[in-house]
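# Overview (structure and organization)
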Amino acid sequence: RGKPSYQHKTLLNNLEVPFIGGATVRALQLTEHRSSDEIRLQIDTLKESRTSAGFAFSSRNTPYSVSLATTQKFRNDWSLATTLTARTGNDLHIEGLFGNSLELNAIATKSWHNRHTLSMAIFAKPQMRSTRLASTAEAFRLTGNNLYNPAWGYQNGKVRNSRIRREFLPTAFVGYEGKIAERTRLDIAIALTAGIEKYSSLDWFDAQTPTPDNYRYMPSYFDDEGDIFHAVEDAWLNNDTRYTQIDFDRLIATNKLNNGEAVYAISDRVRRTIHANFRGGATTTLNKGSISYGLEVKTANYRNYKQMRDLLGAKYIVDLDYFLLDDDTFGNSLQNNLATPNRRIEEGDRFGYDYAIRRYDMSAFATYHYSTERLNLDIVANVGYCDISRRGFYRKELFADNSFGVSRHLKFSPYSLRLKAGYLIADNHFIVASIATEATPCEEENLFLQSQYNNRIIASPTMRSAYNGELRYIFQKPNFAISTTLFLSAELNDTQVRH
């Protein structure tokens, strides 16, 4: 419905969790309901005990995968469902792309007297995968390869990619469902996600960029110098990887001639995440419907910093803002952290920037469901409170008065309202209509002009408003269904900050 991917949600027992793939959903025997912007999953009692194994091959990304899935019922109403999947391999079409991952998912449930159910789950997927970079039409034309990838090069005769994502964000989940009165059920769920994401890239310090497809290294840059133009063009046409790819051997040789201080290096942009979510609610059955109500609390802390991964044969760099070295106005404000000026950075050290974004959300929700033989009606309302702030751990010299410490707290009052009605016109013919409106804060990073370096907040931060309407007709038979949908989606007052 036009929403960006970061707004799509996966909900497990109404609690937000990381995305879970369709094959995993089926293997864990979860009940799934999909809508335009969310996937709702429900943990149910296992339908059957079974074990399966599989092997898959694909020519893209990580070609080879092996999987094992098992669901088992035990005594005393315990059950366990697990999946284990390993993926590896090099992309068969794009040079420099590879991936390795190991995915473990497990759900254990315990039932008492058909009235109470305790669920425990863990989702863990450590992975490492290289990426490709965009390039220019000139590079694609000269190499004759529309899948040309400038992110890799040779080091000691082996392919090395400078852009690698490393991720490990395990999620633990605990949920309880129980009948606490004749007409009332209680639902409580807690989820915790804690882990790390790293994304590597090349760095250069008071030197020219080492990216091979930079415009200054392309033939078109030498249009007025015929001999140089033809020499550079020949190198590209002949696919000389010293020019068309990153020359790691040259970068290392340059570093070794610089008395221990790095000119080129590979660093990681790191994000450490701690995200906790609690939801408690109840559902009361009425004569012709039900009403659900409750409270949800979320807290998130995202710690972001830069970390030195590989000095490429050198011993250190000095923690300075090298982009300001030749600046006539700001060239005397080079320190990234005034608390430790001119600090020598070795492999594994943090440098450049270090800050955290913190967010707290609390909301109350209520849903009224009314149903007859022909009519289904849902009214969903949600009102809340949101607090977002930034804390800087470095006092950057360029922003000495506004980079260290906690920023002003940004406070919002998000809300949402949705009305949905479904009507059975005749046998096998349904019509469903819905309207919705909501106001939510924009993404945390888009509230700060330079979140890496200071606490400055954008002018007049407002909430993003969205309005949605949908009309759907469904013709359904036991073995198939046909539907057509008319929808309208409008989003106003969104904010993006491009760094």
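Residues numbered from 1 in each chain as written. Predicted model: local features only at pLDDT ≥ 70, side-chain atom pairs only at ≥ 80, totals over all residues. Heavy atoms only, no water.

## Points about the pattern of salt bridges
- Counted by the stated rule, this structure contains 18 salt bridges.
- As a salt-bridge pair, Asp 354 and Arg 303 come within 2.7 Å of each other at their nearest N and O atoms. Residue Asp 354 is found in strand β21 (residues 350–371), and its partner Arg 303 is found in strand β18 (residues 289–310); the two are separated by 51 residues along the sequence.
- Under the relative-accessibility criterion, Asp 354 is labelled buried at 6%.
- Lys 396 is paired through a salt bridge with Asp 321; the nearest N and O atoms lie 3.0 Å apart. Here Lys 396, found in the loop between β22 (375–392) and β23 (405–406), pairs with Asp 321, found in the loop between β19 (317–318) and β20 (344–345); they are 75 residues apart in sequence, far enough to count as distant. Summarising the burial analysis for this pair, Lys 396 and Asp 321 share the class buried. (Salt bridge = Lys/Arg side-chain N within 4 Å of Asp/Glu carboxyl O. Helix = DSSP H or I, 4+ residues; strand = E, 2+ residues; numbered from the N terminus. Buried < 20%, exposed > 50% of the residue type's maximum accessible area, 1.4 Å probe, protein only.)

## Observations regarding a nonpolar patch on the surface
- On the surface, a nonpolar cluster with roughly 980 Å² of combined accessible area is contributed by Phe 74, Trp 78, Leu 80, Met 120, Val 174, Ile 188, Ile 190, Phe 278, Leu 295, Val 297, Met 362 and Tyr 385.
- Of all the secondary structure elements, the ones that give two or more residues to the nonpolar patch are β7 (78–90), β15 (184–204) and β18.
- On the secondary structure map, Trp 78 appears in strand β7.
- Here Trp 78 falls in the partly exposed class, since its relative accessible area comes to 34%. (Patch = residues over 30% accessible without salt bridge, like charges linked within 9 Å, V, L, I, M, F, W, Y side chains within 5 Å. Areas by Shrake-Rupley, 256 points an atom, 1.4 Å probe, with all protein chains shown as cover.)

## Side note on the nonpolar core
- Counting 18 residues, the largest nonpolar core has Leu 12, Leu 30, Leu 41, Ile 107, Phe 123 and Phe 173 as its most contacted members.
- Of all the secondary structure elements, the ones that give two or more residues to this core are β2 (15–17), β4 (38–42), β9 (116–124) and β15.
- Those residues in contact with Phe 173 that sit more than four places away from it in its chain are Leu 12, Asn 13, Leu 15, Ile 43, Ser 119, Met 120, Ala 121, Ala 189, Ile 190 and Ala 191. (Core = buried A, V, L, I, M, F, W, Y, C linked by side-chain atoms within 4.5 Å. Contact = heavy atoms within 4.5 Å.)

Don't take any of this as a statement about function, it's just geometry.
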